[in-house]
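Chain by chain, the residues:
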Amino acid sequence: MLNTPQLPSYLSKENIGPWHIYLQQVEQVAPLLDKSLLPWVDTLRRPKRSLIVDVPIRLDNGQITHFEGYRVHHNTSRGPGKGGVRYHQDVTLSEVMALAGWMTIKNAVVNVPFGGAKGGIRVDPRQLSLAELEGLTRRYTSEISSMIGPDKDIPAPDMNTNAQVMAWMMDTYSMGEGRTVTGVVTGKPVSLGGSLGRQDATGRGVFVTAREAARKLGVSIDGARVIVQGFGNVGEASARMFAQAGARVVAVQDVSGTVYNGAGLDVLALKRYLADNKTLLGAPDCETITNDDFWSLPCEFLVPAALESQINRFNAEHIAARIIVEGANGPTTPEADAILAERGIVVVPDVLANAGGVTVSYFEWVQDFSSFFWTEDEINARLERIMAEAFNAIWQMAEERKMPLRSAAFVIGCSRVLEARATRGLYP
Ligand code: GLU
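Residues numbered from 1 in each chain as written. Predicted model: local features only at pLDDT ≥ 70, side-chain atom pairs only at ≥ 80, totals over all residues. Heavy atoms only, no water.

Q: How should the pairing of strand β10 (residues 299-304) be read in this particular structure?
A: Both faces of the sheet carry side chains from a regular strand, because those side chains alternate between them. For β10, the buried fraction is high: six of the six residues fall into the buried class. Bridge count for strand β6 (residues 225-229) against β10 is four bridges, and the pairing is parallel. Among the inter-strand pairings, Gln-229 is bridged to a residue of β10, identified as Pro-304. Summarising the sheet, β10 and strand β11 (residues 321-325) pair through three bridges and their orientation is parallel. Of the residues in β11, the one forming a bridge with Phe-301 is Ile-323. (Buried < 20%, exposed > 50% of the residue type's maximum accessible area, 1.4 Å probe, protein only. Helix = DSSP H or I, 4+ residues; strand = E, 2+ residues; numbered from the N terminus. Pairing = 2+ DSSP bridges.)

Structure (structure tokens):
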């Protein structure tokens, strides 16, 4: 008789990090899947491979210091791994595994031919100079170089990484290969094979799915109140697009605090103020409110665009939004999901709402391979079509099977992954 295999440590019930939340979501979707796929569900519970690397760098003062980095391939059944690289002082292997798992499902939801991957370094990048950041990025890229490649795993920007970081990653990888390999990362500067429209793509996708949800629910965007948590690449772009469409962005929260203006904040002015002052607080024409008060503001749209687990059992009861559009990955805990469903608040889930970024990453990867670049209008039109179609398929399944949008998105995404897995069969 076979011994019962010991569970890997990251499956332990004591671990309540993001990976545990991802696992809970998989448990919820498993009974909803076609029975033929059930033998393969365990695939979703176990990342294919995870790498932990030491990243030593020399600081400007000559001292040597070490950081811990990660790259996880969660699943590659549908194609090469794909997902961003996050620099944050709280990054853990559990978080990167969860983010990689969500990438697997997200890529399947919008049907781009990628598996799911993610990387990160446990570092507060605000403490590093530009030269130190470059050194960190280059050493990390070199350490994970056996995992990445244009047909293997393609990193991209995520929290606190940007086009410049991608340029350093592309250069480091290319030096190792002895040739320029633009397709090894996406989210690059346009001058190095990046795609037009990539910068705003995640925010645009958030806005498009919000607009589709509003249509279904009979909510007008014109004059709607919007509150946004996180004012980075995703939060800022989606706030700007809501404002352009006539909505009032009444509150924005980031690590520095929360600013409010009932008549609507000037999003562009706020972006400039943040760039100049490194804080939202003190921006003209707005007042400061507490971070707790932010969550209970009455609004039509709430866009969480920061870290995981921000909407949880402590604040879900107080949220006074009609529609939540998840710009962040994993911003809502399963407990909060249940409370929100009970209260009739519609949640457009992360694996759909923020998939615009990776969709345009896919366009960038295709453009790099063919060395033929598209216009921004073409890119935005294709992005809008993919997002709207994915939204409508999920909405329809949610109606027909009377389930929340997250469950419908997971059923569609997980089914695509597991069908590919089952059809490929087991090696050897
Ligand atoms: N970091 C983004 C995400 O979480 C984009 C990933 C990509 O473009 O590969 O979806």
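Structure's up, so let's keep going.
Q: Which parts of the structure should I look at to understand the sheet that holds β10?
A: Strand pairing in a sheet relies on backbone hydrogen bonds, with the paired strands running either antiparallel or parallel. The mixed open sheet is built from seven strands, whose spatial order is β9-β8-β7-β6-β10-β11-β12. The sheet terminates laterally at β9 (287-289) and β12 (346-348), the two strands that pair on one side only. If you compare each strand with its neighbour and ignore which way they point, the axes differ by 25 degrees on average. (Axes fitted to C-alpha atoms, helices over the stretch in contact; angles between N-to-C directions.)

Q: Could you clarify how one ought to interpret the site of the ligand in this entry?
A: Every one of the 14 residues lining the ligand counts as a neighbour, but Lys-82, Lys-106, Pro-157, Asp-158 and Ser-361 are closest to it. Measuring from an oxygen atom of the ligand, one finds a side-chain N or O atom of Lys-118 at 3.0 Å. Between an oxygen atom of the ligand and a side-chain N or O atom of Arg-198, the distance comes to 3.1 Å. When the ligand sits alone it has 300 Å² of accessible area, and the protein chains cover 95% of it. Secondary-structure elements contributing two or more residues to the shell around the ligand are β3 (81-88), α3 (93-109), β5 (153-157) and α12 (356-370). (Near = heavy atom within 4 Å. Polar contact = N/O pair within 3.5 Å; in protein donor to acceptor, adjacent residues only side chain to side chain. Areas by Shrake-Rupley, 256 points an atom, 1.4 Å probe, with all protein chains shown as cover.)

Q: Looking at this structure, how should I read the pattern of salt bridges?
A: For the coordinates displayed, the defined rule picks out 26 salt bridges. The salt bridge involving Arg-86 is made with Glu-308; its shortest N-O contact spans 3.0 Å. Taken as a pair, Arg-86 in strand β3 and Glu-308 in the loop between β10 and β11 lie far apart in primary sequence, 222 residues in all. Overall, the relative accessible area of 4% leaves Arg-86 in the buried class. Between Glu-236 and Arg-240 there is a salt bridge, with the nearest N and O atoms lying 2.8 Å from each other. Taken together, the residues span about one helical turn, with Glu-236 and Arg-240 both in helix α7 (residues 233-244) at a distance of four residues. A relative accessible area of 5% places Glu-236 in the buried class. On the basis of relative accessible area, Arg-240 is assigned to the buried category, the value being 14%. (Salt bridge = Lys/Arg side-chain N within 4 Å of Asp/Glu carboxyl O.)

Geometry only, nothing functional implied.
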